[in-house]
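Residue-level structural notes
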Amino acid sequence: MRFIETWTSATLLAVRDLTPAIREFLLRPDHFTGAPYPVGSHIDVGVTIDGQPQTRSYSLVGEVDPKGFRIAVRRAPDSRGGSRYMWSLAPGARLNITQPASLVQLDWTRRQFCLIAGGVGITPIVGAAQALARRDAGVTLHYAVRTRGDAAYLDMLEGLLGERLIVHAGDEGRRLDLERVFANLPQDTMTLFCGPMRMLDAARRAWEASGRAITDLRYETFGSSGLLPTEAFRVRLAGEGTEFVIPHDRSMLDVLNDAGHEVMSDCRRGECGVCALDVVAVDGEIDHRDVFFSEHQKRESRKICACVSRARGTITVDTLHRADVP
């Protein structure tokens, strides 16, 4: 396991609306020390959805804050319920959270960096921009949004980066051209990306087409974003005749585990592949929302990450669980 979760209680100190759809939350853990955390760190937050305890991951905004941990949550009507729960909270609320952890490893010896954010994907990028600007590194931030009014932290980033911040607002006709951006980067540039899955897929294709080393593209992901609408689907277990309905607001991993099928997991963000299940049949379409499998593997659809990926219709999987076998 890569993640050893250490949970602690925390108090919600304050909230503020950054845009009509993005709200910032300031959380102060009990016994908070203000210790620094790596760029790209996230915390897990215990939430309650339909009376059931669940967990959601949120990126920490900015570098260490003496007041506590800042996260920003976009209210998504088609989410699994985490954003709705967070938006229902008022200052003074008590929550359980984990200590910060990061999967993003930047090579600080580089001199050129490109940061790319799509929508609320700006949250882990803010800290990277602050750290790089403080180191006087060569850094450019491309920020893709529907409108400037959707761009959280825009004023702060403009003050920090000036002309090195390029806003790609769709309503202004300035859509982000990833192929053009990558073609103009110095050869030794490291890129950090965070945005929805469709945008990440496009970024990886453009990066590979540019002939650059895939290891120089690092990314954070939205665990709930996909190419298909988030809706209920059915999962049939091979060899058991058992079928489950996966509601739009729950993961396949949680439903199967609650039913006693003990699917192993680790990151719960679609990044480690521990929860991957064999796909036996597909009557519909799989929406791969992980970043663990390659594009080729996703097209083959022989496996699915149960923690984040979804489907339309019915899929048959093999959990390798064999009841009544001595």
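Anyway, here's the lowdown on the structure attached to this text. (Residues numbered from 1 in each chain as written. Predicted model: local features only at pLDDT ≥ 70, side-chain atom pairs only at ≥ 80, totals over all residues. Heavy atoms only, no water.)

Section: the overall build of the protein
A count of helices and strands for the protein gives seven helices and 17 strands. Here the protein has a C-alpha radius of gyration of 20 Å; the compact-globule value for 326 residues is 20 Å, and the two agree. When the backbone C-alpha atoms are referred to their principal axes, the protein occupies close to 65 × 50 × 35 Å. Taking all 326 residues of the protein together, the buried fraction comes to 51%. Partitioning the intrachain contacts of the protein with sequence separation of at least 6 by distance along the chain shows that 68% fall at a separation of at least 24. Accessible surface, the protein as shown: approximately 15,400 Å² in total, 48% of it carbon and sulfur. On the protein, the mean spot of the 40 positive side-chain charges and the mean spot of the 42 negative ones are 3 Å from each other. (Helix = DSSP H or I, 4+ residues; strand = E, 2+ residues; numbered from the N terminus. Rg over C-alpha atoms; globule rule 2.2 N^0.38 Å. Buried < 20%, exposed > 50% of the residue type's maximum accessible area, 1.4 Å probe, protein only. Contact = heavy atoms within 4.5 Å. Areas by Shrake-Rupley, 256 points an atom, 1.4 Å probe, with all protein chains shown as cover. Lys, Arg positive; Asp, Glu negative; His and termini not counted. Charge placed at Lys NZ, Arg CZ, Asp CG, Glu CD.)

A word on helix α3 (residues 154-161)
Regarding α3, the residues found buried are Leu-154, Leu-157 and Leu-161. Seen from one end, α3 has its buried residues packed into an arc of 65 degrees, which puts them on one side. Along α3, exposed side chains directed more than 90 degrees from the buried face belong to Asp-155 and Gly-159. Packed against the buried residues of α3 are α2 (122-134), β9 (138-145) and β10 (165-169). The first or second residue beyond α3 is Gly-162, which carries a positive phi of 60 degrees. (Arc of directions from axis to C-beta.)

Points about the packing of aromatic side chains
In the structure shown here, the tally under the stated rule is five aromatic pairs. On the basis of an interplanar angle of 85 degrees and a centroid distance of 4.9 Å, the ring pair of Phe-182 and Trp-207 is categorised as edge-to-face. Of this pair, Phe-182 sits in helix α4 (residues 178-183) while Trp-207 sits in helix α5 (residues 197-209), placing them 25 residues apart in sequence. The same class applies to Phe-182 and to Trp-207, which are both buried. Taking 5.1 Å as the distance between ring centres and 75 degrees as the angle between the ring planes, the aromatic pair formed by Phe-292 and Phe-293 counts as edge-to-face. The lysine or arginine in question, Arg-23, covers the ring of Trp-87, its NZ or CZ lying 4.0 Å from the ring centre. (Phe/Tyr/Trp six-rings, centres within 6.5 Å; stacked < 30°, edge-to-face > 60°. Lys NZ or Arg CZ within 6 Å of the ring centre and 35° of its normal.)

Looking at the layout of surface pockets
Its volume calculated, the second largest pocket comes out at about 490 Å³. Looking at the second largest pocket, it is lined by 20 residues, and the ones nearest its centre are Arg-204, Leu-217, Arg-218, Tyr-219 and Val-291. Mapped by element, the contributors of at least two residues to the lining of the second largest pocket are α5 and β12 (217-221). Class assignment for the residues of the lining of the second largest pocket results in eight nonpolar, three polar and nine charged. (1 Å grid on protein atoms, 1.4 Å probe; cavity = no way out; pocket = protein on both sides within 12 Å on 5 of 7 lines; lining within 4 Å. Points joined across faces, edges and corners; volume = space filled by probe spheres on them. Nonpolar A, V, L, I, M, F, W, Y, C, P; charged D, E, K, R; others polar.)

Looking at the sheet that holds strand β14 (residues 242-246)
The sheet built from five strands is open, its strands ordered β14-β13-β17-β15-β16 with mixed pairing. Two strands close off the open sheet at either side, each with one partner strand: β14 and β16 (303-305). Geometrically, the sheet is characterised by an average inter-axis angle of 40 degrees between neighbouring strands, direction not taken into account. When strand β15 (residues 276-287) meets β16, the two strands line up antiparallel, connected through three bridges. Paired with Ala-276 across the two strands is Cys-305, which belongs to β16. (Pairing = 2+ DSSP bridges. Axes fitted to C-alpha atoms, helices over the stretch in contact; angles between N-to-C directions.)

Topic: the nonpolar core
Counting residues in each nonpolar core, the largest one holds 35 residues, and the members touching the most others are Leu-115, Ile-122, Tyr-143 and Tyr-153. When residues of this core are traced back to their parent elements, those giving at least two are β8 (112-118), α2, β9, α3, β10 and β11 (190-195). With seven residues, the top contributor of residues to this core is α2. What Tyr-153 contacts, discounting residues up to four positions off in sequence, is Arg-16, Leu-18, Glu-24, Val-61, Ala-72, Ile-122 and Val-126. In terms of nonpolar packing, the next biggest core, distinct from the first, is built from 23 residues, Leu-277, Ile-304, Cys-307 and Val-317 among them. (Core = buried A, V, L, I, M, F, W, Y, C linked by side-chain atoms within 4.5 Å.)

Distances and angles like these do not, on their own, reveal function.
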